[in-house]
Each structure stands twice: as C-alpha cells, then as structure tokens.
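If you want the building blocks of each chain, they are given just below.
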Amino acid sequence: MEKRNRYKHRVGGLLVLRLVLAGGLLLATGAGFVYMRNEHVLRGNGIGEVEREIAALDQEIELWELRIAAVRDRHELSRRLRWAQSDLADIDVSKVIEISPSDQPPGPGAPVASAY
C-alpha cells in the first residue's frame, strides 16, 4: 500500500537554492549591521577616552597657569623665595643701568652676539 500522491508536491532544487540564497543574504545583512554597530561603539569609546584625556590636560594647564600667576606676583615670589631659603637678594634700583636702543640698526660690520 504505497501512497500515490507522495511525490506530487515535490520541493524543487531551484526553490531550495532561492531559499538558501535569501537566507544567506539576510545573514550577511545582519552580520554587516552587527559589525558596523560594533565599529561605531568602539570608535565612540575611543573618542570618549580622548575627550577625557583632553579634559585632564586642560586641568593640568589650568593648574600650571595658576602656579605661574602666583610666581609672577612679587609678594608671592618673595614669600616663596624666603620659604625655599634662597640666597637671592633684592636688586638695588640705583645700580640698574637702562640701555636704550639706538636709532640706527647695526651695520654689517657690527659685532653680533651668537650662541655658537
């Protein structure tokens, strides 16, 4: 007793090929999306890290600017020098010589200071 309609609705090879290609296309599209999304997240993390480094450097620059401003103040500088027990002494204003630049630029035969 064999069934007569057993192979009446056979699945053809072309239909299987189409289904495999459609599944492969969907799989490739999904894998591409996941790959691009991961790349996007990794780049975002890298950008965040660089932004944190920039913020840390900005804070360090601000700290150095405050230190420089503190040293540029005459009273703060003298306090720091006393605290460090420096051997530096105050400059006597009467012993300072002021040199004014001449009106003529130095000629080709004039001596030139060089670091070499």
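All figures in this text were calculated on a predicted structure; none of them were measured in a lab. (Residues numbered from 1 in each chain as written. Predicted model: local features only at pLDDT ≥ 70, side-chain atom pairs only at ≥ 80, totals over all residues. Heavy atoms only, no water.)

1. Points about the overall build of the protein
Okay, step 1: The number of helices and strands found in the protein is two helices and zero strands.
Okay, step 2: Looking at the protein as a whole, 2% of its 116 residues are labelled buried.
Okay, step 3: If you sum the accessible surface of the protein, you get close to 12,300 Å²; carbon and sulfur atoms cover 60% of it. (Helix = DSSP H or I, 4+ residues; strand = E, 2+ residues; numbered from the N terminus. Buried < 20%, exposed > 50% of the residue type's maximum accessible area, 1.4 Å probe, protein only. Areas by Shrake-Rupley, 256 points an atom, 1.4 Å probe, with all protein chains shown as cover.)

2. Describing the pattern of salt bridges
Okay, step 1: Applying the stated criterion across every chain yields a total of one salt bridge.
Okay, step 2: Note that Glu49 and Arg52 form a salt bridge whose closest N and O atoms lie 3.1 Å from each other. One end of the pair, Glu49, and the other, Arg52, are both in helix α1 (residues 13-72), three residues apart, so they sit about a helical turn from each other.
Okay, step 3: Residue Glu49 is classed as partly exposed on the basis of its relative accessible area, which comes to 39%. (Salt bridge = Lys/Arg side-chain N within 4 Å of Asp/Glu carboxyl O.)

3. Quick notes on unusual backbone geometry
Okay, step 1: In this structure, Gln85 is a non-glycine residue whose phi angle is positive, near 55 degrees.
Okay, step 2: You can see Gln85 is positioned in the segment after α2 (74-83).

4. What to know about the packing of α1 against α2
Think of two packed helices as two axes; the pair is described by the angle between the axes and how far apart they sit.
Okay, step 1: Remark: α1 packs on α2, axes separated minimally by 5 Å, with the N-to-C direction vectors making an angle of 90 degrees. With respect to each other, α1 and α2 are oriented roughly perpendicular. Along its contact with α1, which presents Ala70, Val71 and Arg72, the element α2 presents Arg74, Glu76, Leu77 and Arg80. (Axes fitted to C-alpha atoms, helices over the stretch in contact; angles between N-to-C directions. Parallel < 35°, antiparallel > 145°, perpendicular 65-115°, else oblique. Contact = heavy atoms within 4.5 Å.)

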